[in-house]
Amino acid sequence: MEFADVAKELLLVAPGDFVAERTARQRAVRKDDRDLAAAIGKLRKPAPAAWVVDLLAHDGALDDAVDLGPALCKAQADADPAAIRTLRQQRSEVIEALAQAGADLASDAGHPATPAVLDQVRATIEAAMADPYAGAAVRSGLLVAPLESVGFDAVDLDGVLADPDAVPDAWSGSDAPPIPITEARGARKASRASRSTETAPQDRPEPDAQPEPKRDPAAERKAARQAETAARSESRDADAALDAAESELETAEERRADLQRELERAAATIEELERARDAAEVTSNDARELLAAAQEHRRSLGR
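Rules behind the numbers
Residues numbered from 1 in each chain as written. Predicted model: local features only at pLDDT ≥ 70, side-chain atom pairs only at ≥ 80, totals over all residues. Heavy atoms only, no water. Helix = DSSP H or I, 4+ residues; strand = E, 2+ residues; numbered from the N terminus. Buried < 20%, exposed > 50% of the residue type's maximum accessible area, 1.4 Å probe, protein only. Contact = heavy atoms within 4.5 Å. Areas by Shrake-Rupley, 256 points an atom, 1.4 Å probe, with all protein chains shown as cover. Salt bridge = Lys/Arg side-chain N within 4 Å of Asp/Glu carboxyl O. Core = buried A, V, L, I, M, F, W, Y, C linked by side-chain atoms within 4.5 Å.

### Re the overall build of the protein chain
For the protein chain, the helix and strand inventory stands at eleven helices and zero strands. Helices and strands appear in the protein chain in the N-to-C order α-α-α-α-α-α-α-α-α-α-α. A burial count over the protein chain gives 27% of its 303 residues as buried. Residue pairs at least 24 apart in sequence account for 61% of intrachain contacts in the protein chain once pairs closer than 6 positions are excluded. Carbon and sulfur atoms make up 52% of the accessible area of the protein chain, which amounts to about 19700 Å² in all.

In structure tokens, the structure reads:
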């Protein structure tokens, strides 16, 4: 059995049972394949959001979502506002439906996902739509960490797969022929190095010349991505706070309604008791009159 096959099975195990199941599988294969046992022992426990995404990948639920990404990129490249609006709406609906499906799968597995985890699931699916490498990663069922993207920039996939060698498309692109993972990484590093060389100044400035501030496009993109990521995180936090406030308000309204109903029941009970008291007073008066009549009748008989 290949390590990737074992990893896919283990990554579907609920997080609370993962370590015990991983240890059991490692012991089961150690006698026949020590290398495989060692690889199993090093398999990382998936983050909760990655586990939910792997559940969705196992069900084949992510294919249509990932395929929306290229269509949206093309619509943006063609500057087609109508198509962009339609695809964005469709993307939002698909992401939300998949998040709900993932929540259902997690609950069925006995490990319900928190709202924060589901936010990471949504971000991961959105990243899969934005980047073909990320799309291949989430489809693999070997995800151990959630993903996040900013717009349609490249998604950082370092350390997110249990077995990168089993998913070459996560590095070479879904439309490119599969290539070894080490070559794909090397190609990326070489490409970055060549770009740095091309943009570097060829001549040194004169000693008395004031050097112009050097721009670092990569650093600027990184800063922009970090700022947008922070803004998106703040937006999600604000949405979560709003949801919590709305939930608290709804709970308070329900409590107020319950108290109002209790107050009405108490008022009705008081009214009934007052009627009973009035009836008891009438009965008491009648009894006193009967007693007086009986006493008078006894005195009459005595005479």
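### Here we look at the pattern of salt bridges
Across all of its chains, the model carries eight salt bridges by this definition. Of the charged contacts in the structure, one is a salt bridge between Glu9 and Arg25, with a shortest N-O distance of 2.9 Å. Of this pair, Glu9 sits in helix H1 (residues 3-10) while Arg25 sits in helix H2 (residues 15-30), and the two are 16 residues apart along the sequence. Its salt-bridge partner being Arg277, residue Asp278 comes within 3.4 Å of it at the nearest N-O pair. Look at Asp278 and you get partly exposed, because its relative accessible area is 37%. Connected through salt bridges with shared partners, the residues Glu96, Asp119 and Arg122 form a single ionic network.

### Topic: the environment of Ala136
By the element assignment, Ala136 lies in helix H8 (residues 132-139). Considering only alpha carbons, one finds Ala136 and Asp63, 73 residues apart in sequence, at a separation of 9.6 Å. If we ignore the near neighbours within four places in the chain, the residues touching Ala136 are Val167, Asp169 and Ala170.

### Structural notes on the environment of Asp54
Along the chain, Asp54 falls in helix H4 (residues 48-58). C-alpha of Asp54 to C-alpha of Ser140: the two residues are 86 residues apart in sequence and 7.9 Å apart in space.

### Here we look at the nonpolar core
Counting residues in each nonpolar core, the largest one holds 51 residues, and the members touching the most others are Ile125, Leu143 and Leu147. Tallying contributions element by element places H4 first for this core, with eight residues. When residues no more than four places from it in sequence are discounted, the contact partners of Leu143 are Leu11, Pro46, Ala50, Val53, Asp54, Thr124, Ala137, Val138, Val160 and Leu161.

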